[in-house]
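Listed below are the residues making up each chain.
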Amino acid sequence: MDKDWMNVHRLSVTYRQGVDHFLEFCAKNAKNPNFVHCPCVKCANLERMKIVKIKEHLFKNGIDKNYKVWYHHGEDIRVSGVGPSKKDKCFNLDYEDDHIAELFDDAQHESNVDPEKFIRVLKDSEKPIYPNCNRFTKLSTLIRLYNIKAKHGWSDTSFTDLLAFLGELLPEGNEIPLSFYEAKKTLCSLGMQYEKIHACPKDCILYRKRFVDAIACPTCGESRWQKKKNSDEVKDGIPTKVLWYLPPIPRLVRFFRNADYAKNLTWHVTNRVEDGYMRHPADSPAWKTVDDRWPDFASEPRNIRLGLSADGINPHTSLSSKYSSWPVLLVMYNLPPWLVMKRKFTMLTLLISGPSQPGNNIDVYLAPLVDDLGLLWHDGVSAYDAYRNETFNLKAILLWTINDFHAYGNLSGYSVKGYKACPICEEKTCSQYLKHSRKISYMGHRKFLPTDHVFRTWKKAFDGKQEFELAPPPLHGEELNEKLNKVQFKLGKRKVAPKKRKGRGNKREEVTSEPAGPWKKKSIFFELEYWKYLVLRHNLDVMHIEKNV
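The following paragraphs examine the structure supplied in this document. (Residues numbered from 1 in each chain as written. Predicted model: local features only at pLDDT ≥ 70, side-chain atom pairs only at ≥ 80, totals over all residues. Heavy atoms only, no water.)

A short note on the packing of helix α7 (residues 138–152) against helix α9 (residues 180–187)
Phase 1: Contact geometry of α7 with α9 gives a least axis separation of 10 Å together with a crossing angle of 115°. Two packed elements cross with a definite hand, and for α7 against α9 that hand is left-handed. Across from Lys 138, Leu 139, Leu 142, Ile 143, Tyr 146 and Lys 149 in α7, the residues of α9 making contact are Phe 180, Ala 183, Thr 186 and Leu 187.
Phase 2: Residue composition of the contact of α7 with α9, grouped by class: seven nonpolar, one polar and two charged. (Axes fitted to C-alpha atoms, helices over the stretch in contact; angles between N-to-C directions. Helix = DSSP H or I, 4+ residues; strand = E, 2+ residues; numbered from the N terminus. Left-handed = near helix turned anticlockwise from the far one by under 90°. Contact = heavy atoms within 4.5 Å. Nonpolar A, V, L, I, M, F, W, Y, C, P; charged D, E, K, R; others polar.)

Below, the structure is given as structure tokens:
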């Protein structure tokens, strides 16, 4: 099919005829005309909708001109002759629903992939799921089934039962594995690597670097291993607490191996409208401060600007707060606004297991991530840009964090409760205790208004007083860094000498910190060389603010 119409103006007759031919192609090849990928610039084949709705999007937003092979809509990548030859040789898959070819092509470039495992995956990508099957291979079938399992929350046991049934249902000689364990072994070589790092159950240390061989926590004395039920004997090899760490560097490198992603990761320079309005984080003072202070970093548009978010979730889908896991996510702001928050571009980097939240001790778990962020800033890593067909040195910077107010306190180290709960005003926080409701309210917001604002002179509408004070200036990062150097804080819970109590015998006490004022600790992010120079280090997320207001 002639695809030159994709490059002409959306109001031309040629474009209109091309859209009609494309929609006819979709209707002919789509399994479900109400659930088709939309190839417009904003949806980028990430959203599905009715064909009629797609037509509206194509005229409103335009078609993605890089979508040369319509494999999402039934075009065979082998027939088109456009796709990479390695995919043509190794795959005979359902391109409409899966990105297996891209996944496989990326995995084979990973430097830390086991060659033997990769060869097994290569063979699985060529084996039909049962003799004489021309549509599905063993690999494509397992990926499809695994996606369904993840989407609907199937248990491992139910998935094993399904595989056993499919093994009986399909013709003799089929390649269906007999258990979920066997299926995982097949798929692991395609996925990104992760690390399971043992942790102290009281959040004191991670068993890495100099503590990698320790069997007990040097801070609190707790054993690294679980204890047997009703016994002090430990289960050697079974840790009491585990941190799941998914390094971001391999994933950042992998994004650039996809030509479409590599192009979108420079959108903030090549396609962003600069008209003085705030349309993108690149229009913000925080972004521009980085450009001005580190021009070498800013001169490479492919260098990544990151945002970090962390909060507690209950994985058991109930309102009970007895168990809380903490995921830590990274997003890339180089992307267009309609792609930044898409699921595929949101990177889970840490999963801190429960049952209790880490609180201010979250810095213990952030250490591996901060080490990688430091590497991405100082030295960078070699990456291949598939869009420009060149290798370059990839660097990254963490611009800020985005959290609710409680997590804000955990990450910044500031106490967000009590009379001095504002991290900006600090000791100058305007607070008042409400006797009857037994709560602290925070007034005095009029001091943040312009000096000539009419609200400053109103009395009756506020507290019966006029407001002429000026807003307290926030501390600069360098000033804050010097102030926090004086804060004494030790992560985790440490032993202290037993204290005698009359009539009660001896009792062990645990001390977590020796704070100075509202600051409870110096955040681990200050280990990043650039952190103290950033204009805005922590943000409050819009969702919680809107909900509370």
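On we go from here.
Quick notes on the packing of aromatic side chains
Phase 1: The final tally for this structure, using the stated rule, is 26 aromatic pairs.
Phase 2: By way of ring pairs, the aromatic residues Trp 5, Tyr 15, Phe 22, Phe 25, Phe 59 and Trp 70 are connected into one cluster.
Phase 3: A cation over an aromatic ring shows up here: Lys 149 above the ring of Tyr 146, its NZ or CZ 6.0 Å from the ring centre.
Phase 4: A cation over an aromatic ring shows up here: Lys 149 above the ring of Phe 180, its NZ or CZ 4.9 Å from the ring centre. (Phe/Tyr/Trp six-rings, centres within 6.5 Å; stacked < 30°, edge-to-face > 60°. Lys NZ or Arg CZ within 6 Å of the ring centre and 35° of its normal.)

Overview of the environment of Phe 392
Phase 1: Along the chain, Phe 392 turns up in strand β11 (residues 390–394).
Phase 2: C-alpha of Phe 392 to C-alpha of Glu 300: the two residues are 92 residues apart in sequence and 9.4 Å apart in space.
Phase 3: Beyond its immediate chain neighbours, meaning those up to four positions away, Phe 392 contacts Phe 256, Glu 300, Arg 302, Val 381, Ser 382, Ala 383 and Asp 385.

Points about the sheet that holds strand β12 (residues 396–403)
To summarise the sheet geometry, strands pair through backbone hydrogen bonds and adopt either a parallel or an antiparallel arrangement.
Phase 1: Read from one edge to the other, the open sheet built from seven strands follows the order β3-β6-β9-β8-β7-β12-β19, with strand pairing classed as mixed. What marks the edges here is a single partner per strand, and that holds for β3 (195–198) and β19 (538–540). Taking each pair of neighbouring strands and ignoring which way they run, the sheet shows an average axis angle of 25°.
Phase 2: Of the pairings in the sheet, the one linking β12 to β19 comprises three bridges and is parallel in character. Within β19, the position partnered with Ile 402 by the bridge is Asn 539.
Phase 3: The strands touched by helix α10 (residues 248–256) within the sheet are β6 (242–245), β7 (304–310), β8 (326–332) and β9 (347–352), with β9 carrying the most contacts at an inclination of about 165°. (Pairing = 2+ DSSP bridges.)

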